[in-house]
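So you can see what is in the structure, the chains are spelled out below.
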Amino acid sequence: MEGAKPVNKKLAAALSGGAVLVLALSGCTSDDGDEKLDAWAKQVCDAVQPQAKKIAAANSAIQKETSDSSTPEEVQKTDAAAFQDMSDAYKAIGAAVSKAGAPDVENGDKKQQDAVKELNTISSSYASLKKQVDALDTKDQAKFADGLKDIATELDKLSQSGSNALTTLEEGEVGQAMAKQETCKSASSAPSSTQG
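Cut-offs and rules
- Residues numbered from 1 in each chain as written.
- Predicted model: local features only at pLDDT ≥ 70, side-chain atom pairs only at ≥ 80, totals over all residues.
- Heavy atoms only, no water.
- Disulfide = S-S within 2.5 Å.
- Helix = DSSP H or I, 4+ residues; strand = E, 2+ residues; numbered from the N terminus.
- Buried < 20%, exposed > 50% of the residue type's maximum accessible area, 1.4 Å probe, protein only.
- pLDDT = per-residue confidence, 0-100.
- Contact = heavy atoms within 4.5 Å.
- Core = buried A, V, L, I, M, F, W, Y, C linked by side-chain atoms within 4.5 Å.
- Expected span 1.5 Å × (residues − 1).
- Phe/Tyr/Trp six-rings, centres within 6.5 Å; stacked < 30°, edge-to-face > 60°.
- Polar contact = N/O pair within 3.5 Å; in protein donor to acceptor, adjacent residues only side chain to side chain.
- Axes fitted to C-alpha atoms, helices over the stretch in contact; angles between N-to-C directions.
- Parallel < 35°, antiparallel > 145°, perpendicular 65-115°, else oblique.
- Left-handed = near helix turned anticlockwise from the far one by under 90°.
- Nonpolar A, V, L, I, M, F, W, Y, C, P; charged D, E, K, R; others polar.

1. A look at the state of the cysteines
A disulfide bridge is the covalent bond that connects two cysteines by way of their sulfur atoms.
For step 1, the next point in the chain: Applying the stated criterion across every chain, the model contains one disulfide.
For step 2, the next point in the chain: The disulfide that involves C45 links it to C184, with 1.8 Å between the sulfurs. The chirality of the disulfide connecting C45 with C184 is left-handed, given an S-S dihedral of about -90 degrees. Linking C45 in helix α2 (residues 35-67) with C184 in helix α8 (residues 182-189), this pair joins segments that are 139 residues apart in sequence.
For step 3, the next point in the chain: Residue C45 is classed as buried on the basis of its relative accessible area, which comes to 0%.

Next comes the structure, spelled out in structure tokens:
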């Protein structure tokens, strides 16, 4: 009954790639103060931190499920809950960026809107992955493993395509302002233990 194991490991590897998405929040620190921008960064970072922890925890749950001899039912339950948490977390981050308004930089409006749109898309992708996991046949090990393989492929795509608008949002002065925030610093270091 070991068929689903390596696949779930693959799932965990793909996931830890995806979780980095929101945690690309540390740029290089700068002492050039811009109060407006610092206030914006603080608002976003404070909102991101608990969500980043939630994503890291979901990540760990899936990784843990791959390391012992879990049944398909256990794997399904853990993965579904993790995807739901991730979907909620990205949605909450999108709402936080939306609420913070546009950062006080050139093209701030567009950068903010693109990032919110992207975060909501990622949230929807995790929600549909949850549905896929829920629909897997846990009675048939081979089918279950195949289903997980498809989900791992989707996850892989998601982790690669995810962070363009976020990266753009965090370029230059915005990234520097975020890097100064304690909550962003701790958010970006949180999941390093789940890599690999």
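2. Side note on the confidence of the model for the protein
For step 1, the next point in the chain: Model confidence for the protein is summarised by a mean pLDDT of 79, while 76% of its residues fall at 70 or above.
For step 2, the next point in the chain: At the level of individual helices and strands, the protein shows its lowest average pLDDT in helix α1 (residues 5-20), which scores 60, and its highest in helix α3 (residues 72-100), which scores 93.
For step 3, the next point in the chain: Here residues 19-31 scores under 50 on pLDDT; set against residues more than four positions off or in separate chains, the count is 34 contacts.
For step 4, the next point in the chain: Long-range and interchain partners of residues 190-196, a stretch whose pLDDT sits below 50, account for eleven contacts in this model, where long-range means more than four residues apart.

3. Some points on the nonpolar core
For step 1, the next point in the chain: Core analysis: the biggest nonpolar cluster contains 42 residues, and W40, F83, Y126 and M178 have the highest contact counts within it.
For step 2, the next point in the chain: Residue assignment for this core shows that the elements contributing at least two residues are α2, α3, α4 (108-134), α5 (141-161), α6 (164-169) and α7 (172-179).

4. Overview of α3
For step 1, the next point in the chain: With 29 residues, α3 extends 42 Å from end C-alpha to end C-alpha; this agrees with the ideal 42 Å at 1.5 Å per step.
For step 2, the next point in the chain: Looking one or two residues past α3, G101 carries a phi angle of roughly 80 degrees, positive in sign.

5. A few points about the packing of aromatic side chains
For step 1, the next point in the chain: Taken as a whole and judged by the stated rule, the model has two aromatic pairs.
For step 2, the next point in the chain: With centroids separated by 5.6 Å and ring planes inclined at 5 degrees, the aromatic side chains of Y90 and Y126 adopt a geometry described as stacked. Of this pair, Y90 sits in helix α3 while Y126 sits in helix α4; the two residues are 36 residues apart in sequence, bridging distant segments of the chain.

6. Topic: the side chain of T78
For step 1, the next point in the chain: Inspection of the secondary structure puts T78 in helix α3.
For step 2, the next point in the chain: Judged by relative accessible area, T78 falls into the buried class, the value being 17%.
For step 3, the next point in the chain: At 2.9 Å, the side chain of T78 forms a polar contact with the backbone oxygen of E74.
For step 4, the next point in the chain: The contacts of T78, once residues within four sequence positions are left out, are A61, I62 and E65.

7. Describing the packing of α3 against α4
Any two packed helices are characterised by the angle at which their axes cross and by the distance between the axes.
For step 1, the next point in the chain: It is at 8 Å that the axes of α3 and α4 come closest, and there the two elements cross at 165 degrees. Comparing their axes, α4 and α3 come out roughly antiparallel. Crossing of α3 against α4: the hand is left-handed.
For step 2, the next point in the chain: Per-class residue counts for the contact of α3 with α4 are 13 nonpolar, eight polar and four charged.

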